[in-house]
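Notes for the structure review
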Amino acid sequence: MNAPKSVRASAPVPVGADGTVRTEGRVADLVAAEDVLLFVNAAITATGQREFRSGAAEQQLSLDFLHTYVRVNYRRVYAASLALDINHHNAALIVRRLLETAGEASPGELRAEGRLIAARLALLPPPRVYRLFGELRRGKVNNRRTRAIMRDWLAARPDLGHDAVKYRAGLKTVARHIHLPCPEGGGPLAEVGAFLFRPGRLPRYEHGLLDAWRRAHYEQGAVAELPFTVAEGFAAKHGMKREVFLKRAAPGMTRLERLRTQERRAAAGRHGAPAPKADLTVMPLTRLALYVLSLGFEQRAERRAELTGALRAAARRAAGGHAGSWGRVHAVLDDSFSSSGSGQKRRRPLAVALACHHLLEVLAAPGAYRGLWTSGAGDALLVRPWGPTPLGMRILDALEPGADGAAPDRLVIVSDGWDNAPEGLAGEVLRVWRARLDPARRTAVVHVNPVYDAEGFAVRGLAAGVATAGIRDAEDLPALVEIARFAEGRTGTTELYAYLDRRVARFTGAGGEEGVAA
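Please read these numbers as outputs of a predicted model, since none were measured by experiment.

Residue placement: Pro199 occurs in the loop between helix 11 (188-197) and helix 12 (208-215). Between the alpha carbons of Pro199 and Arg214 there is a distance of 9.3 Å; along the sequence they are 15 residues apart. Residue contacts for Pro199: discarding those within four places in its chain leaves Arg168 and Ala194.

This part takes up the pattern of salt bridges. The final tally for this structure, using the stated rule, is 25 salt bridges. Residue Arg145 pairs with Glu113 through a salt bridge whose shortest N-O separation is 3.1 Å. Taken as a pair, Arg145 in helix 8 (residues 144-156) and Glu113 in helix 6 (residues 107-121) lie far apart in primary sequence, 32 residues in all. Of the two residues, Arg145 and Glu113, neither departs from the other in class, the shared state being buried. The shortest N-O distance in the salt bridge between Arg215 and Glu219 comes to 3.3 Å. Exposure remark for Arg215: the relative accessible area of 17% places this residue in the buried category. Classification of Glu219 as partly exposed rests on a relative accessible area of 31%. Connected through shared salt-bridge partners, Arg71, Arg75, Glu104, Glu113 and Arg145 make up one network.

Let us now look at a positive patch on the surface. Taken together, the side chains of Arg255, Arg312, Arg316 and Arg317 make up a positively charged region of the molecular surface. Top element by residues in the positive patch is helix 18 (residues 304-319). It accounts for 3 residues. Along the polypeptide, Arg316 turns up in helix 18.

With respect to the helices and strands, Ser339 occurs in the loop between strand 1 (329-333) and helix 19 (348-363). For Ser339, the contacting residues outside a window of four places in its chain are Asp334, Arg347, Arg348, Pro349, Leu350 and Pro385.

It is worth spelling out the packing of aromatic side chains at this point. Under the definition given, this model contains 12 aromatic pairs. Ring geometry for Tyr130 and Tyr167: centres 5.6 Å apart, planes at 35°, overall tilted. Note that Tyr130 is positioned in helix 7 (residues 126-138) and Tyr167 in the loop between helix 9 (160-166) and helix 10 (168-178), a separation of 37 residues in sequence. Both residues of the pair, Tyr130 and Tyr167, count as buried. Each residue in the set Phe65, Tyr69, Tyr74 and Phe457 is aromatic and connected to the rest through ring pairs, giving one cluster. In this arrangement the basic side chain of Arg168 is found over the ring face of Phe195, its NZ or CZ atom lying 4.6 Å from the centre. Against the face of Trp326 rests Arg410, its NZ or CZ located 4.2 Å from the ring centre.

Rules and cut-offs
- Counting of residues starts from 1 at the beginning of each chain's written sequence and follows it residue by residue.
- Local features in a predicted model are, by the rule used here, given only for residues with pLDDT of at least 70; side-chain atom pairs are given and counted only at 80 or more, and totals for whole chains, interfaces and linings are based on all residues.
- Hydrogens are left out, water is left out, and the side-chain values use all remaining heavy atoms of the structure.
- Strands are runs of DSSP state E lasting at least two residues, helices are runs of H or I lasting at least four, and both sets are numbered from the N terminus onward.
- Any two residues whose heavy atoms approach within 4.5 Å are treated as being in contact.
- We define a salt bridge as a side-chain nitrogen of Lys or Arg found within 4 Å of a carboxyl oxygen belonging to Asp or Glu.
- With a 1.4 Å probe rolled over the protein chains alone, any residue whose accessible area is under 20% of its type maximum counts as buried; one over 50% counts as exposed, and the rest are partly exposed.
- Surface patches are drawn from residues lacking salt bridges whose relative accessible area is over 30%; two like charges belong together within 9 Å, two nonpolar side chains (Val, Leu, Ile, Met, Phe, Trp, Tyr) within 5 Å.
- Here, Shrake-Rupley sampling with a 1.4 Å probe gives the accessible areas, and only protein chains in the shown set may cover a residue.
- Positive: Lys, Arg. Negative: Asp, Glu. His and the chain ends are not part of the count.
- Here the site of a charge means NZ on Lys, CZ on Arg, CG on Asp, or CD on Glu.
- The rule is short: rings of Phe, Tyr and Trp, with Trp giving its six-membered ring, pair when the centres are within 6.5 Å, and they are stacked under 30 degrees, edge-to-face over 60, tilted in between.
- Counted as over-ring charges are cases with an Arg CZ or a Lys NZ within 6 Å of the ring centre that also lie within 35 degrees of the ring normal.

Here it is as structure tokens:
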């Protein structure tokens, strides 16, 4: 596996003692900015899981190299990435690497990193944070700073009794690692300590969930009081019928648990009592697109009004204040066979394209959106991964003026970048379009790619001069378009680091007093 040219040729970004990235000297080198964008795109897209064209081991090796390279050479920027729309997998990796290598940082860097880590941990799902803390314990990362971060995160948890029931092993590991005081006697911490380390000592608990867990060992009625994932185990132990259990557990299930239950029952073709119905109108856009694609064609057709309405409602929420502000928008959407993803990321690329289709329709001016699928499909609700990837032909169609003779203001391409029908046509079309037909760049072209290319240490692009950004969730599209403009080479590194400054200031609530670039 060869490192990309930008990685081999670049040099560290100079930073000041206060943690700000200096914009004089070598930082003006465009190669440094390319390295930063390379890592940001990977941190948004890659999860270390198998993709359509590469295995999990390749993904993990490639991602590990990028993390090490950027941490060593651009530590300030590496930490600042926590303020961007990176995925949870890479956020947890960054936190772990920063805490493991605290000795390499200056006091100013440690202070800035601490604020970023605390802000990011507050956004991560609790199971991932507990898993991260377990990795730090196994790695014997036991410095005072790490223990303080763990204590602060636990102190901010709304209900440690709930965590003790739902994430028992994780909380127990953290409590041991930081020596969490759990005195005997009264009080919430005393009960949590008894539950974790002295089970069976107390005849009952004052905390409702802790006592429900105790009673659920011998009382079926207490099972429904527990969090759904914990209750499932007790239901199996008591031999409860699935339909009866789901009916009792329905009031306490989260939206995602309801949706997953529906998906599993639909995939298994189960009949009888229906699973608790999820309210699709409040689901996140990309998650909802994944659910739609998990349904068969007949189900999608039968529920067309419901599913389309839910997708449009989610797209309107995701667009927010950007709705209607993008003018004429044409999109090329990849539904080729490679959009089926992998066993670990089933249909993820196609779901991102479907979600982007509905989001772009809202972002465009009313009636000014046109979406073109690579397969030629005309019904977005019934798309499926099929056929080759004729990106070049679809881009030609998308660049055609509309009925009023006007070219699109924006062309958005959602694809993994493997243009193969014929190979390379997309890049040539875009090159000629820029050089001969639109040198003034009246049409903004951006390529968003939901698949990380392990061999290239990046998301695969289409053509030089065309901005490419990694994407995991369609909801991040407006922010990613802002990042992608730095990849076109028309803005300098000063603007890039100023952008990082603003994101860090907003993320940590620093109010612009201290950032990663100045």
